[in-house]
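Architecture and fold: a report
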Amino acid sequence: MGGTHLLQAGYYRSLSAWRGCFLFWKVFHLKRIISGVLLDILPHASGFLYAEMSFDKTGNEKVSFFSYEQDRQDILPITTRVYLTHKFGDSYREIMDEVGDFLSCDAAPLGKNGTVVLFESGEMYIFASQGKLVWKGQVTYQEDPVRDLAVDGKDIWCAVPDGNAVICYSPAEKRVSLRIGGKESSAFEEPVSVSKFGDTLYVTSRRAQKVRSIHLPDYDVQDYRKFREPVHKFFRVEDREYVVLDSGVYVL
């Protein structure tokens, strides 16, 4: 999840709206972990890593990297190298030389020692082992760019925000092999991220303010979680679930 800031400074609500959110969050037991300006977030085995923007004493922007350890419920600073290694693998230097901006893209392991990188513009890079670029191209559905990715074997699931759809892309065939939803469909409203756990794909719909699930064996679509503000990302680490909303990063 890269691109525009996930959490925007200066986010305000009326008192009545906040009361409504409080009652809703109480039902779902949401606990806010991060409330700063989030630039990127990466799930990992014991929690997640994230990049946060802040300002130094002179007013200049700076980016810092942290690890949230869920068992200890602790936040620890990490180096840029640790962050990049987790995002791109051991060949992060070669991949960075090719893609440049490492905060505004999504990345995931693909195949045997490969890596796929995707920008919000729909520009996709596929790397083999040792960071060797094997393909670069624009991935769209009906001329709308795709964003975010969830690898499913040899295929890649992506969201299509402007097309209100989710697509399955085949890197081998360089084409969209399946589409769920569409501009005239109400299945998804501005979907912005996807994540896969077992045989279920989870899709966050920013405009609908919800997380929807797709049961991949039969493509049945159901509501999974509903919120009272835009949802940017949803992911799971072991038995815990996390959501990125306008107001922060929460554990459910």
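Residues numbered from 1 in each chain as written. Predicted model: local features only at pLDDT ≥ 70, side-chain atom pairs only at ≥ 80, totals over all residues. Heavy atoms only, no water.

What about the overall build of the chain?
The helix and strand inventory of the chain stands at three helices and 22 strands. By the burial criterion, 51% of the 252 residues in the chain qualify as buried. For the chain, contacts bridging at least 24 residues in sequence account for 44% of all contacts bridging at least 6. Carbon and sulfur atoms form 48% of the exposed surface of the chain, whose accessible area is close to 12400 Å². (Helix = DSSP H or I, 4+ residues; strand = E, 2+ residues; numbered from the N terminus. Buried < 20%, exposed > 50% of the residue type's maximum accessible area, 1.4 Å probe, protein only. Contact = heavy atoms within 4.5 Å. Areas by Shrake-Rupley, 256 points an atom, 1.4 Å probe, with all protein chains shown as cover.)

Section: the environment of Lys-136
For Lys-136, the position within the fold is in strand S9 (residues 133-138). Judged by relative accessible area, Lys-136 falls into the partly exposed class, the value being 44%. For Lys-136 and Ile-126, which are 10 residues apart along the polypeptide, the C-alpha to C-alpha distance reads 6.4 Å. Ignoring sequence-local partners within four residues, the contact set of Lys-136 consists of Glu-123, Met-124 and Tyr-125.

Quick notes on the nonpolar core
Among the nonpolar cores identified, the biggest contains 24 residues, and Ile-41, Phe-48 and Tyr-242 are the most heavily contacted of them. When contributions to this core are tallied by element, the ones reaching two or more residues are strand S1 (31-34), strand S2 (37-44), strand S3 (47-55), strand S4 (61-69), strand S20 (231-237), strand S21 (240-245) and strand S22 (248-251). (Core = buried A, V, L, I, M, F, W, Y, C linked by side-chain atoms within 4.5 Å.)

Quick notes on the pattern of salt bridges
A complete count under the given rule lists 16 salt bridges for this structure. We note a salt bridge from Glu-189 to Arg-207, for which the minimum N-O separation is 4.0 Å. On the criterion of sequence distance, the pair formed by Glu-189 in the loop between strand S15 (175-181) and strand S16 (191-197) and Arg-207 in the loop between strand S17 (200-205) and strand S18 (210-215) is long-range, its members being 18 residues apart. According to the relative accessible area criterion, Arg-207 is partly exposed, its value standing at 46%. Here Arg-207 ties to Glu-190 by a salt bridge, and the two come within 3.9 Å at their closest N and O atoms. With Arg-207 in the loop between S17 and S18 and Glu-190 in the loop between S15 and S16, this pair connects stretches of sequence that are 17 residues apart. Counted as one network, the salt bridges with shared partners bring together Glu-189, Glu-190, Arg-206 and Arg-207. (Salt bridge = Lys/Arg side-chain N within 4 Å of Asp/Glu carboxyl O.)

Quick word on unusual backbone geometry
The bulk of non-glycine residues show a negative phi, and the bulk of peptide bonds are trans. Phi at Asn-113 takes a positive value of approximately 65°, unusual for a residue other than glycine. By the secondary structure assignment, Asn-113 is in the loop between strand S6 (105-110) and strand S7 (114-119). The class for Asn-113 is exposed, based on a relative accessible area of 57%. With a phi close to 55°, Lys-174 is a non-glycine residue in the positive phi region. Looking at Lys-174, the relative accessible area reads 40%, which means it is partly exposed.

Brief notes about the sheet that holds strand S12 (residues 147-152)
Reading across the sheet, the four strands line up as S12-S13-S14-S15 and stay open at both edges, with antiparallel pairing between neighbours. Strand pairing shows two members of the sheet lacking a second neighbour, S12 and S15, which therefore form its edges. Adjacent strand axes in the sheet meet at a mean angle of 25° when their direction is disregarded. (Pairing = 2+ DSSP bridges. Axes fitted to C-alpha atoms, helices over the stretch in contact; angles between N-to-C directions.)

What about helix H2 (residues 80-88)?
For H2, every residue scored as buried is listed here: Tyr-83, Leu-84, Lys-87 and Phe-88. The arc enclosing the buried residues of H2, seen along the axis, measures out at 100°, which places them on a common side. For H2, the elements touching its buried residues are S2, S3, S4, helix H3 (92-99), S6 and S7. (Arc of directions from axis to C-beta.)

These figures come from the coordinates and say nothing about function on their own.
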